[in-house]
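Close look at the chain arrangement
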Amino acid sequence: MDTEQLAQTSVNQVGSSDGSNPNGSNVVAQVKNLLFRQMLVGISDGRFFLGTFYCIDKQGNIILQDAVEEYRSTRCSSPSPMEQRGLGLILIPFSCRISCHVGCSIEEQLSLLSLKV
């Protein structure tokens, strides 16, 4: 399982947990591994938010700190098709989230690949 799948699975399990899950401590440990990593979250209206994963609540809402919104520029004079707007601390509701990707180091990616023997 790669880091992106782990992030999505962990976030979904925590978001749908009602506290009766015997594997709850495992899910909490997985989410703790995601803390303070760069996370890119896509929402249903097509926008993406990039920030540092700060926490998640029981409802599955994600909080990112130092977040920026990445969006497509409609100006012809813009040198880049993507622009950013600084937002700071934001909450992304579970109902709006469609994707969740976590950045990891090359060493972590190699260790994940070595598990698939």
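Here, the structure is the one placed above.
A short tour of the structure in this document, coming up. (Residues numbered from 1 in each chain as written. Predicted model: local features only at pLDDT ≥ 70, side-chain atom pairs only at ≥ 80, totals over all residues. Heavy atoms only, no water.)

**A short note on the overall build of the protein**
Secondary structure assignment for the protein yields three helices and five strands. Mapped from its N terminus to its C terminus, the protein presents α and β elements in the order α-α-β-β-β-β-β-α. The 117 residues of the protein split such that 30% are buried. Of the contacts made within the protein by residues no fewer than 6 positions apart, 48% connect residues no fewer than 24 positions apart. Carbon together with sulfur atoms contributes 56% to the accessible area of the protein, which is approximately 7,400 Å² in total. (Helix = DSSP H or I, 4+ residues; strand = E, 2+ residues; numbered from the N terminus. Buried < 20%, exposed > 50% of the residue type's maximum accessible area, 1.4 Å probe, protein only. Contact = heavy atoms within 4.5 Å. Areas by Shrake-Rupley, 256 points an atom, 1.4 Å probe, with all protein chains shown as cover.)

**What to know about the pairing of strand 1 (residues 38–43)**
When strand 1 meets strand 2 (residues 48–56), the two strands line up antiparallel, connected through five bridges. When the bridges of strand 2 are listed, Q38 appears paired with T52. Between strand 1 and the antiparallel strand that follows it, strand 2, lie four residues; G46 among them carries a positive phi value of about 95°. Pairing of strand 1 with strand 5 (residues 97–102) involves five bridges; the strand directions are antiparallel. Within strand 5, the position partnered with G42 by the bridge is S99. (Pairing = 2+ DSSP bridges.)

**Brief notes about the pattern of salt bridges**
Counting across every chain of the model gives three salt bridges. A salt bridge links R47 to D45; the shortest N-O distance between them is 2.9 Å. Owing to a relative accessible area of 30%, R47 belongs among the partly exposed residues under this scheme. Of the charged contacts in the structure, one is a salt bridge between R47 and E69, with a shortest N-O distance of 3.5 Å. Here E69 lies in strand 3 (residues 62–72) and R47 lies in the loop between strand 1 and strand 2, a separation of 22 residues in the sequence. Look at the salt bridges and you will find they share partners, linking D45, R47, E69 and R85 into a network. (Salt bridge = Lys/Arg side-chain N within 4 Å of Asp/Glu carboxyl O.)

**Some words on the packing of aromatic side chains**
One pass over the full model with this rule turns up one aromatic pair. Aromatic pair F36 and Y54: ring centres 6.4 Å apart, planes at 75°, arrangement edge-to-face. Of the two residues, F36 sits in the loop between helix 2 (24–34) and strand 1 while Y54 sits in strand 2, which places them 18 residues apart along the sequence. (Phe/Tyr/Trp six-rings, centres within 6.5 Å; stacked < 30°, edge-to-face > 60°.)

**A few points about unusual backbone geometry**
A positive phi is found at F36, a non-glycine position, where the angle reads about 60°. Judged by relative accessible area, F36 falls into the exposed class, the value being 54%. Backbone geometry places D66, a non-glycine residue, at a positive phi of 50°. Mapped onto the fold, D66 is located in strand 3.

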